[in-house]
Amino acid sequence: MIQRIQTLYLLVVSALMAVVLFVPLAWFAGDGGEFRLHAFALRSLDGAAVQPTVYLGVLVAAACVLPFVTIFLFRRRLLQIRLCVVEAVLLVGAAVMEGIYYYLGCRVFSSLAFHMQGMRAAIALPVVCLVFVWLAARAIFRDEVLVRAADRIR
């Protein structure tokens, strides 16, 4: 199980999405203070939630747990491939939701006289994870082809 390269790819995806859960994704500053966009809320510097972003948080949490579950289904390779496709859809959804919440945050703060905004590196991690999920699905498919070829020889 652990010696397969797709296991490492899926572990990387799970770890990177766990990072997205806990670090700030973007920041906004204006006359009212500084705010940070996290997976579950737009928070002020003192930690008070200003705007909930629960949908993004649930999407990121599901995208964090699914690859870890997929690792333990190593005997069912076709199901693993399907779960990799589901993971890719979750990652695309998370990237789109991050973009939407960043746009909405920019729009709210742009009406202030003084405003600044910026992205953190963690906002790009779902796109990086898409590459690793694709690599994992490709490796799982190669294993499946190899097993079918071995079954045909017997």
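Keep in mind it's a predicted model, so treat the numbers as computed, not measured.

Interaxial distance between helix α1 (residues 5-22) and helix α2 (residues 54-71) falls to 8 Å at its minimum, and their mutual angle equals 160°. Considered as vectors, α1 and α2 are oriented roughly antiparallel to each other. Viewed along their axes, α1 and α2 form a crossing whose handedness is left-handed. Between α1 and α2, the contacting residues are Thr7, Leu10, Leu11, Val13, Ser14, Met17, Ala18, Val20 and Leu21 on the first element and Gly57, Val60, Ala61, Ala63, Cys64, Pro67, Phe68, Thr70 and Ile71 on the second. Looking at side-chain class alone, the contact of α1 with α2 contains 14 nonpolar, 4 polar and no charged residues.

Here the focus is the pattern of salt bridges. With the rule as written, the count across this model stands at 4 salt bridges. One salt bridge connects arginine 36 with glutamate 34, and the closest N-O pair in it is separated by 4.0 Å. Judged by its relative accessible area of 28%, arginine 36 is partly exposed. Salt bridges linked by common partners bring Arg77, Glu144 and Arg148 together as one network.

With that settled, the discussion passes to the environment of tyrosine 101. With respect to the helices, strands and loops of the structure, tyrosine 101 is situated in helix α3 (residues 77-110). Placed 21 residues apart in sequence, tyrosine 101 and alanine 122 show a C-alpha to C-alpha distance of 14 Å. Residue contacts for tyrosine 101: discarding those within four places in its chain leaves Leu37, Thr53, Tyr55 and Leu56.

With that out of the way, let us pick up the packing of aromatic side chains. This model, assessed by the stated rule, comprises 3 aromatic pairs. Judged by centre distance (6.1 Å) and plane angle (45°), the ring pair of tyrosine 9 and phenylalanine 132 falls under tilted. Taken together, the residues tyrosine 9 in helix α1 and phenylalanine 132 in helix α4 (residues 125-153) connect sequence positions 123 residues apart. A relative accessible area of 24% places phenylalanine 132 in the partly exposed class. For the pair phenylalanine 68 and phenylalanine 72, a centre-to-centre distance of 5.3 Å together with 80° between the ring planes defines the contact as edge-to-face. Taking the relative accessible area as the measure of exposure, phenylalanine 68 reaches 41% and is therefore partly exposed.

Thresholds applied
Residues numbered from 1 in each chain as written. Predicted model: local features only at pLDDT ≥ 70, side-chain atom pairs only at ≥ 80, totals over all residues. Heavy atoms only, no water. Axes fitted to C-alpha atoms, helices over the stretch in contact; angles between N-to-C directions. Helix = DSSP H or I, 4+ residues; strand = E, 2+ residues; numbered from the N terminus. Parallel < 35°, antiparallel > 145°, perpendicular 65-115°, else oblique. Left-handed = near helix turned anticlockwise from the far one by under 90°. Contact = heavy atoms within 4.5 Å. Nonpolar A, V, L, I, M, F, W, Y, C, P; charged D, E, K, R; others polar. Salt bridge = Lys/Arg side-chain N within 4 Å of Asp/Glu carboxyl O. Buried < 20%, exposed > 50% of the residue type's maximum accessible area, 1.4 Å probe, protein only. Phe/Tyr/Trp six-rings, centres within 6.5 Å; stacked < 30°, edge-to-face > 60°.

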